[in-house]
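Commentary on secondary and tertiary structure
Residues per chain are reported as follows:
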Amino acid sequence: MTDISAHAHAIAQTRKRTWFKLETVFDHAILILGSLLMLLPLLIMLQTVTTPDLETMKLGPTFTIGTELDDNFRKAMFEASGFSGQNTGMNMLKNSMILGLGFALGKIVIGMMAAYAIVYFRLRFATLAFWLIFTTLLLPLEVRILPSYEIVQQLGMMNTYQGLIIPLIASATATFFFRQFFRSVPEELIEAARIDGAGPIKFFIDILVPLSQTMIAAMFIIMFVYGWNQYLWPTMITTDENMYTLVRGIKQIVQTLEGNNIPEFGRANMLALIAILPPVLVVIFFQSWFVKGLTESDK
Amino acid sequence: MAQVSLDSVRKIYPNGAEAVTPSSFHIEDGEFVVLVGPSGCGKSTLLRMIAGLEDITEGTLSIGERIVNDVDPADRDIAMVFQNYALYPHMSVRKNIAYGLKNRKTPKDVIDAKVAEAAAMLNLNDYLDRKPSQLSGGQRQRVAMGRAIVRDPALFLFDEPLSNLDAKLRNQMRIEIKALQRRLGVTSIYVTHDQVEAMTMADRIIVLNGGRIEQIGTPSEIYHNPASTFVASFMGAPPMNLVAGELSEGILSFAGLDVPMTVDHRGPVTLGLRPEDLFIDAKGPIAMEVDLVEELGAHRLLHGRVEGQQLTVHLAKEIAAKTGPLRLSCDPSHLCLFHPDTGKRMDVRHKATPQARSNTTVESKA
């Protein structure tokens, strides 16, 4: 008897607690709904990738998973869509990688060196120089795209990796973040290094770079994703199909009904999926560093 | 090992502020000299000029036989220990200690031997492969010491190395540093704002105030014969009592106290009395109103007023005390006189023992 009453009591208590958590349920409903909204395009993409283009054409996105995954993957990665037969998915992936890595690493190197000069050397007008760099944040690539294009073209860097990377490499964002970081490095560390006989270059390489690890990782994520997702600039600089990046190459695949060509939904979405993957992996891999780099201030 | 000489060394910052007025002193080989003063007195600037981290505006600095005004910090044959340890956070203890040697292109086996020796000396053997963040404050400071030791410098510089440690550890490290310095016999300059550290560690103390050297002397000279009211009030806890007295016709008078003495001065004067030189005397000439008894275990301090002027008395723990009126006496040979305007000490020749001005004896409550 006592058992039952105790049980009932427990139930009553749980119920009371459930009542109390209605708000939580509501909050979670909103969050889940939001996540679904974000995930939906991705899910449609996944579904499209597995179904034959004709079916997608007729039915649109459905809940059925098709069997065309490997075929679409083969077409996307190893078959060229253009005239030259060189813009296969693999090739574009390689170009995108080179652009993303070159862009990120270049920006980090240049940003670090600029910040090092601004913070540690008593330059005249160092502050002015910094603010000049900073104001370029207000001038994104799109604003200076015509002159930039002309310079690249005159330097004969069209359809080259240099042409893709170098004009974008100076970064006010990276310079700014590294400047803030360097300023938080205690003065005594520099003095200790000076007494230990470390010159400016040694200090930079032996001490500042290892200290900046987390910051470098954070910058790498931001810049890699940013570089990877470049669309306008590669579109202008690369006319050679051999040089196409993924983001630009997707556009090349037939996606509208033209004559008797069925749009290649499967293939295009496969490429899009592959284009998403590296940035996602980079973020997952560097995630903990990213948070540390942007929040941890004590060094 | 070396001697250090400063000749009219001066520091003026680009904004025109004079941080250190022309200062000259000489430090003997193997001497432990403490620069002490309140914050902003220029003691750190002076040390940093000796280290080469700040430019010397005027004057010459020599370490050993060499004038080093324009020599790089790394080439001055010095080692420095910083307040915040300044260890390289990404390097292990071993690498921290070895970094300076590595930069000097010392052979690897020599580095290893020196690191091992320093680690043994500082009890760091178990921590050589840890990162500084895994060490306690005292251990970190020892690593910083190790980094200094392995370089076999001619001169150690310490910039308030103990101020980040808690009180207990500070006492311990104070002794360790002093013992280490004795053992190595390296000339050392130590900066602190803590007068206890200065008194206990120094062979000689240099008291600085407002970028000026107030006094140079052994701890005992500084304590017993302060050169100015500043030194008198800065050194010692509690500091020297400074009260206004009057000099006339070879007699110094303060409260009920009359001391005959020979001084080339007439009129008001600042009188310096160490709290421990005052003692309770039922027939004493000084009438004090005790406001507060500070119980410190080993001794007690009485805070009160004599004719409206603040006075502190140091009592041995055996002597009971309470608030209220009290009669005091003092040993006149320990009196210091300071000029009322400049604050500089005046030379005194004592004539005799003090005499109570009034003959009426007031019962004191000792």
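A quick note: this is a predicted structure, and the numbers were derived from the prediction, not measured. (Residues numbered from 1 in each chain as written. Chains lettered and ligands numbered in written order. Predicted model: local features only at pLDDT ≥ 70, side-chain atom pairs only at ≥ 80, totals over all residues. Heavy atoms only, no water.)

Turning next to the packing of helix α2 (residues 93–103) of chain B against helix α4 (residues 137–149) of chain B. All names here are of chain B. As a packed pair, α2 and α4 sit with axes 7 Å apart at the nearest point and diverge in direction by 30 degrees. In terms of orientation, α2 lies roughly parallel with respect to α4. In terms of crossing hand, the pair formed by α2 and α4 is right-handed. Contacts between α2 and α4 involve Val-93, Asn-96 and Ile-97 on the former and, on the latter, Val-143, Gly-146 and Arg-147. Counted by class, the contact of α2 with α4 contains three nonpolar, two polar and one charged residues. (Axes fitted to C-alpha atoms, helices over the stretch in contact; angles between N-to-C directions. Helix = DSSP H or I, 4+ residues; strand = E, 2+ residues; numbered from the N terminus. Parallel < 35°, antiparallel > 145°, perpendicular 65-115°, else oblique. Left-handed = near helix turned anticlockwise from the far one by under 90°. Contact = heavy atoms within 4.5 Å. Nonpolar A, V, L, I, M, F, W, Y, C, P; charged D, E, K, R; others polar.)

Going from Ala237(B) to Pro238(B), the amide bond is cis rather than trans, its omega being -5 degrees. Turning to its location among the elements, Pro238(B) is positioned in the loop between α8 (229–234) and β11 (241–248). Even without a glycine there, the phi angle at Phe125(A) is positive, about 60 degrees. Mapped onto the secondary structure, Phe125(A) falls in the loop between α5 (89–120) and α6 (126–135).

Applying the stated rule across the entire model yields 22 salt bridges over all chains. Salt-bridge contacts for Arg142(B) lead to Glu176(B); the nearest nitrogen and oxygen are separated by 3.7 Å. Highlighted residues: Arg142(B) in helix α4 and Glu176(B) in helix α5 (residues 167–184), separated in sequence by 34 residues. Accessibility expressed as a relative area gives 13% for Arg142(B), which makes it buried. Residue class for Glu176(B) comes out partly exposed when judged on its relative accessible area of 29%. Here Glu295(B) ties to Arg300(B) by a salt bridge, and the two come within 2.9 Å at their closest N and O atoms. Owing to a relative accessible area of 14%, Arg300(B) belongs among the buried residues under this scheme. Among the charged side chains, a network of salt bridges with common partners joins Glu191(A), Lys11(B), Arg48(B) and Glu54(B). (Salt bridge = Lys/Arg side-chain N within 4 Å of Asp/Glu carboxyl O. Buried < 20%, exposed > 50% of the residue type's maximum accessible area, 1.4 Å probe, protein only.)

All names here are of chain B. This model, assessed by the stated rule, comprises zero disulfides over all chains. Cys-336 provides the cysteine sulfur closest to Cys-330, a residue in no disulfide bond, and the two sulfurs are 11 Å apart. Look at Cys-330 and you get buried, because its relative accessible area is 2%. (Disulfide = S-S within 2.5 Å.)

Residue and element names in this part refer to chain B. Structurally, chain B comprises domain 1 (4–230) and domain 2 (238–356). Between the C-alpha centres of domain 1 and domain 2 there is a distance of 38 Å. Counting from both sides, the interface comprises nine residues of domain 1 and, opposite them, ten residues of domain 2. For the domain 1 and domain 2 pair, buried surface summed over both sides reaches about 780 Å², with 48% attributable to carbon and sulfur atoms. Ranking the residues of domain 1 by area buried against domain 2 places Tyr-223, Pro-226 and Thr-229 at the top, with a combined share of 62%. Counting across the domain 1 and domain 2 interface gives zero salt bridges. Summed over the shared surface of domain 1 and domain 2, the number is five residue pairs in polar contact (both at pLDDT 80 or more). Per element, the largest residue contribution to the side of domain 1 that touches domain 2 is three residues, and it comes from helix α7 (residues 219–224). Class assignment of the residues belonging to the side of domain 1 that touches domain 2 gives a composition of four nonpolar, four polar and one charged. (Domains from an automatic or database assignment. Buried area = accessible area lost by both parts, 1.4 Å probe. Polar contact = N/O pair within 3.5 Å; in protein donor to acceptor, adjacent residues only side chain to side chain.)

Residue and element names in this part refer to chain A. Cross-referencing UniProt, the feature "transmembrane region" (unreviewed entry) maps to residues 25–46, 97–118, 125–141, 161–182, 203–226 and 270–291 in the present numbering. Along residues 203–226 the backbone is 96% helical and 0% strand, and the end-to-end C-alpha distance reaches 30 Å. In this annotation, residues 270–291 is assigned 100% helix and 0% strand; the end-to-end C-alpha distance for the span is 31 Å. (UniProt positions renumbered as here; feature names shortened; annotations may be inferred.)

Moving on, we come to α5(B). Residue and element names in this part refer to chain B. Taking 1.5 Å per residue as the helical rise, α5 with its 18 residues ought to reach 26 Å, and the 26 Å between its terminal C-alpha atoms agrees with that figure. Turning to α5, its buried residues number three or more, namely Met-173, Arg-174, Ile-177, Lys-178, Leu-180 and Gln-181. Down the axis of α5, the sector holding all buried residues measures 160 degrees, keeping them to one side. Across from the buried face of α5, at angles greater than 90 degrees, the exposed residues are Lys-168, Ile-175 and Arg-183. Downstream of α5 by a residue or two, Gly-185 has a phi angle that is positive, lying close to 65 degrees. (Expected span 1.5 Å × (residues − 1). Arc of directions from axis to C-beta.)

This part takes up the pairing of β11(B). Residue and element names in this part refer to chain B. By the alternation rule, side chains of β11 split into Asn-241, Val-243, Gly-245 and Leu-247, which are all buried, and Leu-242, Ala-244, Glu-246 and Ser-248, of which none is buried. Sheet analysis places β11 next to strand β14 (residues 267–273), joined by seven bridges and oriented antiparallel. Counted as the bridge partner of Asn-241 is Leu-273 from β14. Here β11 runs beside strand β12 (residues 251–254); their pairing, made up of three bridges, is antiparallel. Looking across to β12, one finds that Leu-247 is bridged to Leu-252. Between β11 and β12, which follow one another and run antiparallel, lie two residues, and Glu-249 among them has a positive phi close to 50 degrees. (Pairing = 2+ DSSP bridges.)

Time to look at the environment of Ala117(A). With respect to the helices and strands, Ala117(A) occurs in helix α5. With 69 residues separating them in the primary sequence, Ala117(A) and Pro186(A) have C-alpha atoms 17 Å apart.

A few words on the sheet that holds strand β16 (residues 286–295) of chain B. All names here are of chain B. What the five strands build is an open sheet, ordered β15-β19-β16-β17-β18; its pairing is antiparallel. A strand with exactly one partner marks an edge of an open sheet, and here the two such strands are β15 (278–280) and β18 (309–316). With strand direction ignored, the average angle separating the axes of adjacent strands in the sheet is 50 degrees. Both β15 and strand β19 (residues 324–330) contribute to a ladder of three bridges, which runs antiparallel. Opposite Phe-279, over in β19, you have Ser-329 as the bridge partner.

Turning our attention to the environment of Gly324(B). Residues and elements named next belong to chain B. Mapping Gly-324 onto the fold places it in strand β19. Each C-alpha atom, one on Gly-324 and one on Gly-304, is 8.9 Å from the other, the two residues being 20 residues apart in sequence. When sequence neighbours within four positions are dropped, the list of residues in contact with Gly-324 reads Met-288, Glu-289 and Val-290.

Interfaces are often sized by the accessible area lost when the parts come together. Between chain B and chain A, the residue contacts involve 25 residues of the former and 15 residues of the latter. Interface of chain B and chain A: buried area, both sides summed, is about 1800 Å²; carbon and sulfur atoms make up 57% of it. Ionic pairing is found between Arg48(B) and Glu191(A), a salt bridge with its closest N-O pair at 2.5 Å. Our count for the chain B to chain A interface comes out at ten residue pairs in polar contact (both at pLDDT 80 or more). Where the side of chain B that touches chain A is concerned, the elements lending two or more residues are α1 (43–51), β6 (78–81) and α2 of chain B. Class assignment of the residues belonging to the side of chain B that touches chain A gives a composition of 15 nonpolar, six polar and four charged.

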